[in-house]
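Residue-level structural notes
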Amino acid sequence: MVDALLARGDQVLVVDDLSTGDRANLDGRAELRVADVSDRGALERALAGERIGGVVHCAAKTKVVESMEKEELYRDVIVRGTENVVGLARQTGASIFVNISTGGAIYGETPVCAEENTPVDPRSNYGRFKAQAEQIVAGSRMPAVSLRLANIYGPRQRRDLEGGVIAIFIECWKRRRSITMFGDGRYERDYVYVGDVVEAVVAALGGKWTGVYNIGTGVATSVNDLVRELTALLGVPPGVTHAPPRPAEVLRGCVDPSKAAREDLWRPRTGLRDGLRRTARAEGALPG
Ligand SMILES: NC(=O)c1ccc[n+]([C@@H]2O[C@H](COP(=O)([O-])OP(=O)(O)OC[C@H]3O[C@@H](n4cnc5c(N)ncnc54)[C@H](O)[C@@H]3O)[C@@H](O)[C@H]2O)c1
């Protein structure tokens, strides 16, 4: 996202505590200030004297399983952190606030891909607090959008975080290591390419839209299907290890992106096969 904003000529100021973020990912033209969003004073110091046009709020703890063990930490960073970021965005004069929310963890089980008016049913503390963060953003007196993102994948995704199944699998293929399947591999998720998500965020920063929008493909892909796609691209997996299902995981998570398309905010562009190929190339698992 920073790369896209710099490419169109924006000045970018990043605030991050680097707890999972990596300075090496950041273009040197973007300024980085290290601060914890749950610490109002630290955030105020990081932004002192700044005038800011638009804010994209991404900072969060993001592990579903960990959120069940570290409830206080997740409440602090996601709920208090969002309150602080919203408050300071107003003070710095921002005219648009883009909140990065989650579809996967908010809707719960979605036998039919969820629309924005589908009642939320978060199964984890992570999802519950992200839903509260949306309420905080909606209650702010500034134009604001919450983007409920599906499962993102693409180049430079970390492999040690929970959601990065594609990053993890591609690395296993590359290093000739066995892949681990949780449960029976029939878990379904809506995988959306990072470049497409960036387009949604940049569009939302344009300031013409407010409210909640799903950003996903509307297609649910099982882990078994994912393995089939990767096999077509990279060859037979080096090995498959089976492990028990993980707690607080939904069986099927999928968001319907029709509202964003209908209202001309965004449409998904990159199909799974194409996105997997680009990711595998960028990660050095496929030549060229
Ligand atoms: N990855 C996905 O598939 C996905 C899907 C839906 C929503 N999201 C949302 O996207 C956002 C980014 O998540 P991600 O998956 O890229 O994970 P990530 O861990 O790579 O990114 C989170 C970022 O927030 C920073 N951060 C964490 N705690 C902080 C704190 N207290 N103060 C300041 N910075 C802090 C981290 O250092 C990191 O740079 C999150 O809001 C997450 O809920 C991600």
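Scroll up for the structure.
Residues numbered from 1 in each chain as written. Predicted model: local features only at pLDDT ≥ 70, side-chain atom pairs only at ≥ 80, totals over all residues.

**Considerations on the sheet that holds strand β4 (residues 96-102)**
Working definition: the strands of a sheet are paired by backbone hydrogen bonds and lie parallel or antiparallel to each other. The four strands lie next to each other as β3-β4-β5-β10, forming an open sheet whose pairing is parallel. Looking at the sheet topology across the chains shown, the edges are occupied by β3 (54-57) and β10 (211-215). On average, adjacent strands in this sheet sit at an angle of 20 degrees to one another, irrespective of strand direction. One ladder, built from four bridges, connects β3 with β4; its direction is parallel. Bridge pairing in β4 places glycine 54 opposite isoleucine 96. Its contacts with the sheet place helix α4 (residues 71-91) against β3 and β4, and it is angled at close to 175 degrees to β3. (Pairing = 2+ DSSP bridges. Helix = DSSP H or I, 4+ residues; strand = E, 2+ residues; numbered from the N terminus. Axes fitted to C-alpha atoms, helices over the stretch in contact; angles between N-to-C directions. Contact = placed C-beta atoms within 7 Å.)

**A word on the site of the ligand**
Taken together, 26 residues lie near the ligand, and Thr20, Gly21, Ala59, Ala60 and Ile152 sit nearest. Elements with a minimum of two residues in the shell around the ligand: α4, β4 and β6 (151-153). Considering only residue class, the shell around the ligand consists of ten nonpolar, ten polar and six charged. (Near = placed C-beta within 6 Å. Nonpolar A, V, L, I, M, F, W, Y, C, P; charged D, E, K, R; others polar.)

**Considerations on helix α10 (residues 272-282)**
When α10 is considered as a whole, its buried residues turn out to be Gly275, Leu276, Thr279 and Ala280. Seen end-on, α10 carries its buried residues on one side only, within an arc spanning 130 degrees. Across from the buried face of α10, at angles greater than 90 degrees, the exposed residues are Arg273 and Asp274. Of the residues trailing α10, glycine 284 is marked for its positive phi of about 75 degrees. (Buried ≥ 20, exposed ≤ 12 C-beta atoms within 10 Å, placed from the backbone. Arc of directions from axis to C-beta.)

**Digging into the packing of α4 against helix α5 (residues 125-138)**
Running from amino to carboxyl end, α4 crosses α5 at an angle of 15 degrees, the nearest separation of the two axes being 9 Å. The orientation of α4 relative to α5 falls into the category roughly parallel. The way α4 lies across α5 gives a crossing that is right-handed. For the pair α4 and α5, contact is made by Glu71, Tyr74, Arg75, Ile78, Val79, Thr82, Glu83 and Val86 and by Asn125, Tyr126, Phe129, Lys130, Gln132, Ala133, Ile136 and Val137, respectively. Split into classes, the residues belonging to the contact of α4 with α5 amount to nine nonpolar, three polar and four charged. (Parallel < 35°, antiparallel > 145°, perpendicular 65-115°, else oblique. Left-handed = near helix turned anticlockwise from the far one by under 90°.)

**Structural notes on unusual backbone geometry**
Phi is positive for arginine 156, close to 70 degrees, though the residue is something other than glycine. If you trace the backbone, arginine 156 turns up in the loop between β6 and α6 (165-175). Classification of arginine 156 by C-beta neighbours within 10 Å gives exposed; the count is 12. The phi dihedral of aspartate 264 falls on the positive side, at around 60 degrees, and the residue is not glycine. Along the chain, the position of aspartate 264 falls in the loop between α9 (258-262) and α10.

These results come straight from atomic positions and should not be treated as a statement about function.
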